[in-house]
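Residues per chain are reported as follows:
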Amino acid sequence: MGMTADERLGADIKRAEQALMAAKSAALKDAGLTVAQYAALFALAGNPGISGAALARTCLVTPQAMAAVLKHLEERGLVVRSAHQWHQKMLETRLTDTGRETLRAADEQAVRIERRLADEFTPEERDTLRALLARCGTAIRRD
């Protein structure tokens, strides 16, 4: 083997991600949302009218996965989709009033987790962590 288990960082990164996703999943349960659905609603709140493809990029999922998320959110009445004014083949997605209220309730719970995480670090440590994680991404993408 080229590296010992103690030298490998991938498992540590994955454990942190899994802990975050599990905590958010549990927190969002009362709002009836998955993490992916919450992420879509959160992104839509800041980008009304965004296309499904752009929303998928924003939420770091495939367009196919986002299509399934949006279908479910639309069926629940949390979003509406309509043809773009000039690009008829492109669907714009917007939150409904119910979607905004669902997001508000879900975000209260998600913020509790994000605040616990942020409170573990000083502002300088948070900046360092972000920089280190960005370096991880760069290193992983390198050939």
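Just above sits the structure.
Everything numeric in this text was worked out from a predicted model, so none of it was measured.

What counts as what
Residues numbered from 1 in each chain as written. Predicted model: local features only at pLDDT ≥ 70, side-chain atom pairs only at ≥ 80, totals over all residues. Heavy atoms only, no water. Helix = DSSP H or I, 4+ residues; strand = E, 2+ residues; numbered from the N terminus. Contact = heavy atoms within 4.5 Å. Buried < 20%, exposed > 50% of the residue type's maximum accessible area, 1.4 Å probe, protein only. Core = buried A, V, L, I, M, F, W, Y, C linked by side-chain atoms within 4.5 Å.

(A) Molecular detail of the environment of V61. Tracing the chain through its elements places V61 in the loop between helix 3 (52-59) and helix 4 (63-75). A C-alpha to C-alpha distance of 20 Å links V61 and A106, two positions 45 residues apart in sequence. In this structure V61 touches A56 and M66, once residues within four positions along its chain are discounted.

(B) Region of interest: the environment of N47. Locating N47 in the fold gives a position in the loop between helix 2 (35-46) and helix 3. Using a relative accessible area of 35% as the deciding quantity, one classes N47 as partly exposed. Considering only alpha carbons, one finds N47 and T93, 46 residues apart in sequence, at a separation of 9.0 Å.

(C) Quick peek at the nonpolar core. Residues L33, Y38, L41, L44, L55, M66 and L73 are the most contacted members of the largest nonpolar core, which totals 24 residues. Breaking this core down by element, the ones donating at least two residues are helix 2, helix 3, helix 4 and helix 5 (97-119). For this core, the element with the highest residue contribution is helix 2, accounting for six residues. Those residues within four positions of L73 in sequence are excluded, and the remaining contacts are L33, Q37, A40, L41, L78 and V79.

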